[in-house]
Amino acid sequence: MAIYHFERNGVSPAAGSSAVKASAYISGAVVFRELTGAKCSYRRAERVVLHDVELPEAAPAEYRDPEALWNAAEAAQRGNECYAHRENMALPRELAEKDGEFEKLVRDYVERVVKATGHAVEWGIHDDGDGNYHAHKLESDLAVGERGFERPADRRGVKCYLCRKAGAPELWVDAADWKAWARPEGYEKVFNFKDGVRRTMSEAKAAGLGKGDRKSKNPVASIVRPDGGDARRAGREELVERRKLWADCVNAALERNGFSERVSHLSNAERGLEEEPTRHLGYRANAMEREAMRRAERDGAEYSPVTRIGRENEEIRARNAEAAAMRAIEENLRELCRLAADKAENIYEYREMLEGWRVTVGERGGDLLIGDGDDPSFEPRPLSGMCPELAGDGLEERFLQNVEADIREKGRRALAERAAARAEAARIEGIKRSYLAAMGSALAEYRREAMAAKGTPLGEFPKLKMPKVPKEVREDQEVRQAYLSYRYKADDLRLGLASGVPKKKTGGHGSGGAPAQGQEQRRVVEQSRPAQGRSQQQNR
């Protein structure tokens, strides 16, 4: 994954550094330094993959030569003023297989810096042979114009000391005034002491303290800009902006090449991460660790860090892994506690639900203690700390909400069931009425057909064809009665209109003869029906 590394340091004679020497390191070339008359060389030119100089449009053409550029930069400064600023940036490994993308990334960043500041910049891309591509940038402290480096008309910053004397308020005094009047009037510079108290040396002597008890030999001081602002604070803000600019350029390059990874200039704490950052190894320590890895792989042994920073980083990674595991457990428990609070209607259901999910539930000081039943190493945490919204009466309020929601849900379901039942009854009633109408239409059609077939022999006489009974109304009593009624009516019509039907018997049976005659006719009709027809009627 893409990593973010950005380091920025000043190059000044006060720190014993040189812009010419820094240029020799970046370019891998031999550069002559005019201030000392010495040649500067760091060799290992083979590690320099790319190198160039970026200048403002108005800069003299001779500044294209790094030797001329940085000798002029050192000559333009006074005293211990900073010559330049050196930056070291990690390049994302994802771009290593993309031709020319490293160069595009660095040029994009450098061009933005030059355009915004008017400074001269020398840059280079290095590869130490292990695939660890990184970039170096050397940026002048002064802007460059047509006549070379331009010094600002006003002083860029004034160093002021915090001073104090008995019976007078504290004052911030610049270096010139300190010598001119502050010291002669009895003011003393203030120092930070190891016990966290600021004292003058007279106050320290009265307390039995000496120079060895100071945190630093340097007095409390501040660099004040012409506008009255704190130069150190402004410098930190400028550094943050520069770090952000590099992150923006890296992310633009990753997006341009279709990678989803992104980097951030913010610290873990600023990003809300609890992960402890590892320390930067540096070139020498990194080389020692790589060699140790190669030896371990060659000997089939387990690799162990060989440098102090490497061992510290190993311990940090172990602590981060353990902390990440604990955070994952806590987040899982937090979600389970909230899920149970959304379902349970009382504390007993709540505890039972959590324990069913392998969550241990204890009690201390009126608060529930939540633990992981599968990982005893996880120390139980108070529910109020894991889920602040459930603290105090929050859990009871959630229970009441769940009860009310359950009542509403049951009422809604009952209403829905009644509405569904009414709709189903209406649907079945519609099917029944439609089927009754269809049977009536079938009988009416049969009457017309029977009248047209009057005189046809009984065996050839048409029969009533009824529509199939829908399954929804097969057991309906009204449908069954209507079905049989229509069948009987059709049979009577058929017996009355067909030929060859046996006539009524005459005899002294009185009024009882008619039913007997009707039954006889019914038996004749039934006997004339095919066996299949009778079975179908019986089935119906």
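Everything below is about the structure shown above.
Now for a quick tour of the structure. Keep in mind that this is a model prediction, so the values were computed, not measured.

**A short note on unusual backbone geometry**
- With phi around 65 degrees, Arg 358 is a residue other than glycine that occupies positive phi space.
- With a relative accessible area of 48%, Arg 358 lands in the partly exposed category.

**Topic: the state of the cysteines**
- Taken as a whole, this structure holds zero disulfides when the rule is applied.
- Cysteine Cys 40 shares no disulfide, and the gap to the nearest cysteine sulfur, in Cys 82, comes to 17 Å.
- Overall, Cys 40 belongs to the buried group, its relative accessible area being 6%.

**Quick notes on the environment of Leu 354**
- By the secondary structure assignment, Leu 354 is in helix α9 (residues 347-356).
- In this view, Leu 354 contacts Leu 336, Cys 337, Ala 340, Val 359, Val 361 and Ile 370; residues no more than four positions away in its chain are not counted.

**Side note on the packing of helix α11 (residues 394-452) against helix α12 (residues 477-497)**
- One way to put it is that α11 packs onto α12 with a least axis distance of 11 Å and a crossing angle of 0 degrees. In this view, α11 runs roughly parallel relative to α12, as classed from their interaxial angle. Judged by residue contacts, Lys 432, Arg 433, Tyr 435, Leu 436, Met 439, Gly 440, Leu 443, Tyr 446, Arg 447, Ala 450 and Met 451 of α11 engage Glu 478, Val 479, Ala 482, Tyr 483, Tyr 486, Lys 489, Ala 490, Leu 493, Arg 494 and Leu 497 from α12.
- Of the residues that constitute the contact of α11 with α12, the class distribution is 14 nonpolar, one polar and six charged.

**Regarding helix α7 (residues 283-299)**
- Under the 1.5 Å per step criterion, the end-to-end length of α7 is 24 Å for 17 residues, consistent within 8% with the ideal 24 Å.
- Lining the buried residues of α7 we find α8 (308-341).
- Just beyond α7, the residue with positive phi is Gly 300, at close to 70 degrees.

**Notes on the packing of aromatic side chains**
- Throughout the structure, instances matching the rule amount to seven aromatic pairs.
- A ring pair is formed by Tyr 25 and Tyr 42, whose centres lie 5.5 Å apart and whose planes are at 85 degrees; its orientation type is edge-to-face. Highlighted residues: Tyr 25 in helix α1 (residues 19-27) and Tyr 42 in the loop between β3 (38-40) and β4 (48-54), separated in sequence by 17 residues.
- Through successive ring pairs, a cluster of aromatic residues spans Phe 6, Tyr 109 and Trp 246.

**Things to note about the packing of α8 against α9**
- Where α8 meets α9, the axes come as close as 9 Å, and the angle between the chain directions of the two elements is 140 degrees. Here α8 is positioned oblique relative to α9, judged by the angle of their axes. Our pair here, α8 against α9, has a crossing hand that is right-handed. Counted together, Leu 336, Cys 337, Ala 340 and Ala 341 of α8 and Tyr 350, Met 353 and Leu 354 of α9 form the full contact between these two elements.

**Digging into the pattern of salt bridges**
- Taken as a whole and assessed by the stated rule, the structure comprises 43 salt bridges.
- Close ionic contact of Asp 248 with Lys 244 constitutes a salt bridge, the shortest N to O distance being 3.0 Å. Here Asp 248 and its partner Lys 244 are both found in helix α6 (residues 231-256), four residues apart, which amounts to about one turn of the helix.
- Take Lys 244: its relative accessible area is 35%, and that puts it in the partly exposed class.
- With a shortest N-O distance of 2.7 Å, Arg 433 and Glu 429 are connected by a salt bridge.

**With respect to the side chain of His 136**
- Among the secondary structure elements, His 136 is positioned in strand β7 (residues 133-145).
- Exposure remark for His 136: the relative accessible area of 8% places this residue in the buried category.
- A polar atom in the side chain of His 136 sits 3.3 Å from the side chain of His 134.
- When near neighbours in sequence (up to four residues on either side) are disregarded, His 136 contacts Tyr 25, Ile 26, Glu 87, Asn 88, Glu 122, Trp 123, Gly 124 and His 126.

So, how was this worked out
Residues numbered from 1 in each chain as written. Predicted model: local features only at pLDDT ≥ 70, side-chain atom pairs only at ≥ 80, totals over all residues. Heavy atoms only, no water. Buried < 20%, exposed > 50% of the residue type's maximum accessible area, 1.4 Å probe, protein only. Disulfide = S-S within 2.5 Å. Helix = DSSP H or I, 4+ residues; strand = E, 2+ residues; numbered from the N terminus. Contact = heavy atoms within 4.5 Å. Axes fitted to C-alpha atoms, helices over the stretch in contact; angles between N-to-C directions. Parallel < 35°, antiparallel > 145°, perpendicular 65-115°, else oblique. Nonpolar A, V, L, I, M, F, W, Y, C, P; charged D, E, K, R; others polar. Expected span 1.5 Å × (residues − 1). Phe/Tyr/Trp six-rings, centres within 6.5 Å; stacked < 30°, edge-to-face > 60°. Left-handed = near helix turned anticlockwise from the far one by under 90°. Salt bridge = Lys/Arg side-chain N within 4 Å of Asp/Glu carboxyl O. Polar contact = N/O pair within 3.5 Å; in protein donor to acceptor, adjacent residues only side chain to side chain.

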